[in-house]
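Structural overview for review
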Amino acid sequence: MPVTRRSFLAGSGALALPFLLASCGFVQTAPAEKRQGTLTFTTWGTDAELAGFRAAIAAFEAANEGSTVELNAVPYEQMFTNIDAQLQAGNPPDIFRVPYYTFGAYAGRGQLLDLKPLLSADRQAQFTPQAWAAVQNGDGTFGLPHHTDTSAILVNLDLFRQAGIDASEIPTSPENAWTWDQLDALGERLRAGLPADRWPWAYNWQGNGVTRWLSLLFQSDGAFLESDQKTPAIDSDAAREAVAFSSSFFTKNYVPANNTIASSSYAAESWFSQSVAMVWSGAFQIPDADTTADFEWTATYAPRNVRAGSDFGGNALVATANTQQPELAAAFLEFVTDAAPMRDFCRAASLLPTRGDLLNDQLEFDVRPELAPVFAGQASLVQPQDVAQVASPSMSAILPVLKEQLDLAFTGAQDAATTVTNLQSGIGAATGG
Amino acid sequence: MADTAVARPGLSRPGRPERGERMRTRRPGARREALAAYGFLAPNYLLLLVFVLVPLVGAFFVSLQRTDGFGDGTFAGLDNYARLVGDPLFWRALGNTVLFTLLVTPLSMLLGLVAATLLNTALPVRPLWRSLLILPMAVSGVATALIGVLVFDQNSGILNRILTAVGLSPVTWQSDPVPAFATIVLATVWWRTGFNMLIYLAGLQGIGPDLYEAATLDGANRWQRFRNVTIPLLGPTSFFLVVLNVIFSFQVFDIVFVLTGGGPGGATSVLVTYAYETGFVTRDQGYAAAIGMVLFLFALVFAAAQYRASRTKDVVE
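Rules behind the numbers
Residues numbered from 1 in each chain as written. Chains lettered and ligands numbered in written order. Predicted model: local features only at pLDDT ≥ 70, side-chain atom pairs only at ≥ 80, totals over all residues. Helix = DSSP H or I, 4+ residues; strand = E, 2+ residues; numbered from the N terminus. Buried ≥ 20, exposed ≤ 12 C-beta atoms within 10 Å, placed from the backbone. Domains from an automatic or database assignment. Contact = placed C-beta atoms within 7 Å. Axes fitted to C-alpha atoms, helices over the stretch in contact; angles between N-to-C directions. Parallel < 35°, antiparallel > 145°, perpendicular 65-115°, else oblique. Left-handed = near helix turned anticlockwise from the far one by under 90°. Nonpolar A, V, L, I, M, F, W, Y, C, P; charged D, E, K, R; others polar. Pairing = 2+ DSSP bridges.

We now examine the environment of Pro106(B). Residues and elements named next belong to chain B. Relative to the elements of secondary structure, Pro106 occurs in helix H4 (residues 88–119). Its 13 C-beta neighbours within 10 Å are what place Pro106 among the partly exposed residues. Residues Pro106 and Val189 lie 83 residues apart in sequence; the distance between their C-alpha atoms is 9.6 Å.

For the rest of this paragraph, the subject is the domain arrangement of chain A. Residue and element names in this part refer to chain A. Here chain A is described as being made up of domain 1 (38–148 + 313–380) and domain 2 (152–311 + 394–431). Once you take the C-alpha centre of each, domain 1 and domain 2 turn out to be 28 Å apart. With 18 residues of domain 1 at the contact, the number on the domain 2 side is 18 residues. Of all the secondary structure elements, the ones that give two or more residues to the side of domain 1 that touches domain 2 are helix H4 (100–107) and helix H15 (372–379).

A few words now on the environment of Asp366(A). All names here are of chain A. Within the fold, Asp366 resides in the loop between helix H14 (339–349) and H15. Exposure remark for Asp366: the 16 C-beta atoms within 10 Å place this residue in the partly exposed category. With 79 residues separating them in the primary sequence, Asp366 and Pro287 have C-alpha atoms 8.7 Å apart. Not counting the four nearest positions on each side in its chain, Asp366 is found in contact with Arg347 and Ala348.

Looking now at helix H13 (residues 271–281) of chain B. Residue and element names in this part refer to chain B. When you tally the buried positions in H13, you get eight out of 11 residues, the bulk of the element. Here H13 has its buried residues at Leu271, Val272, Thr273, Tyr274, Ala275, Glu277, Thr278 and Gly279. Residue Arg283 follows H13 closely and has a positive phi angle near 65 degrees.

Residues and elements named next belong to chain A. Packing of helix H10 (residues 237–251) against helix H18 (residues 416–431) brings their axes to within 9 Å, and their N-to-C directions diverge by 125 degrees. For the element pair H10 / H18, the angle class is oblique. Where H10 crosses over H18, the handedness of that crossing is right-handed. Along its contact with H10, which presents Ala239, Arg240, Val243, Ala244 and Ser247, the element H18 presents Ala416, Ala417, Thr419 and Val420. In the contact of H10 with H18, the residues fall into six nonpolar, two polar and one charged.

All names here are of chain A. Ordered in space as S2-S1-S3-S11-S6, the five strands form an open sheet in which the pairing is mixed. Either end of the sheet is taken by a strand with one partner, and the two such strands are strand S2 (68–73) and strand S6 (144–149). For this sheet the average axis-to-axis angle between neighbouring strands, irrespective of direction, equals 20 degrees. Against the sheet, helix H2 (residues 47–63) engages strand S1 (38–43) and S2, with an angle of about 170 degrees to S2.

In structure tokens, the structure reads:
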């Protein structure tokens, strides 16, 4: 009998898993007869996020007698190597949490449950079009958007004052967000007004955060994939402009030289240590900033160029294709994305809701509530067509191409034109398009 | 002493057991002893089989497949290996790995030898010095790399603060290829010197003082004794360490992954970080397995060299 990868992995997994995973909480300890009505749910999360999930689970169990949800919280670093191994070995959880940029890798390869036939009729209308676009693949709906986050700019007001820039110059609405030219001029003033070991800003594109560079591409009205999510579309003037603009952060000394894609130092660390005056950041940093930053700070909108553009960060909740309880899984996903659980979760964790009825002026955070409208306003600038590209099944293969080529551009090893040419061919090879 | 164990090739015929040897295998209880020995060895062999050999054979099969992360792959023959030939990222990672090995192995062995030689002499609080040097061995690679991040951060790291304080220019440890490569070499050398020192110390303590006495009587000075007595008699130890350090260097992952992430611009990308990226980010496990098999081939070559050396060089001593 030929040994296939699947049979090999299943065999070795059967031998090794009891030893390896017993201490990790992956072994299903419930007797078989009690599995009826029990869902397993694997996620990572901050304390606030996990508390939110536990509260939602308790409410779901109370509302659905006989149903239980076993929450398995794991560190983010091992989340997806574990999920991949479990999917391959045929024992994945019923439900797991997945970033939108990873969603396509699972949905496009038949690993997720198509929820379309199981969802209530009005469900789509409850979400923003951007959020709904992020969980579509082909003709199916393979998850529900649980929350989002997007990058606005956190501003150190002390360093602004030190550079002679008044807080009144900071945009207070999406419409008057800095244009690229204005941002460049601001960078010049900050550079001139700050000491040599302080920089105007840092950008949060480290690691898989490279997707946040795409915001600059979108702001130039560029794209990296056609609507088929496969054909590369980055060979454009818009992309060359975005690469040249972001590379100029380094040549003009607007960012610390180690603010590269592969850097082991995250952008936020530079901001917390007051090495930079501004940092592109999601709202999730607000609680940390509130407790850690010993300087005055605020938040403003990300810049715009031809148009506004922003990244659709955050996570969806998905059910696995071979779950034994698809109806119960769909019911749980609907429950946690209902208005009350989503509002409570987002408020405590400083994240943005994906429901249209929550993402408005009434949005509140427990910490620095006055900043919630900035992030809500920023999220409203995300375009569905931008989100759909990031939901491509090939995104996991595109990420290394973006990291490699942009890092070369930022370290001065290649110019914008060469970078875009390489991105076009690299993305084509990654998607097979 | 070792010379009593030296084989005398002229007095025995290889391949044909002597009468006495045949007799020994038949003595009463020998069979039970052998069974007991196999019993003690069995758990190790079982673990080796399950956790090393089965995955190894599995990885070879996977390396012959085209995969997308989930489900069964499709047989692709040697396609993945052919891709390696034309993949510039693979060659860059291989080149970086070789350069890393060529720098780290001699540096950490030299420092290990110097430290072992010093700590083999009468020094005040010698156990403390030995413990301090061995301490990095007890620290995981990830922790070492995280310490490295604190030291080498070019904006707020300790090293640049010290350099600035003494009037020197700060170094661009994270944004320029050469300094970034230096950080992974320095962190690894710090991590590995203690291990090399420990093995060298064991080797040094196996050299009898009579040899040094004889050399001193012959008029050899300190350097000549080191050069003509210590170095040759540490031959087997050095060879063992060369092989081990080369294999460790080819397998370097955690320090690079955490300290530089392979950057800037791929300047510190090594074979295992490239295999990890390919297997777990791109989810092209077939190609990642092919990279792993290349790595295995290198390890195999050096392991074979170690096996040969340990049999021949023991006889010399």
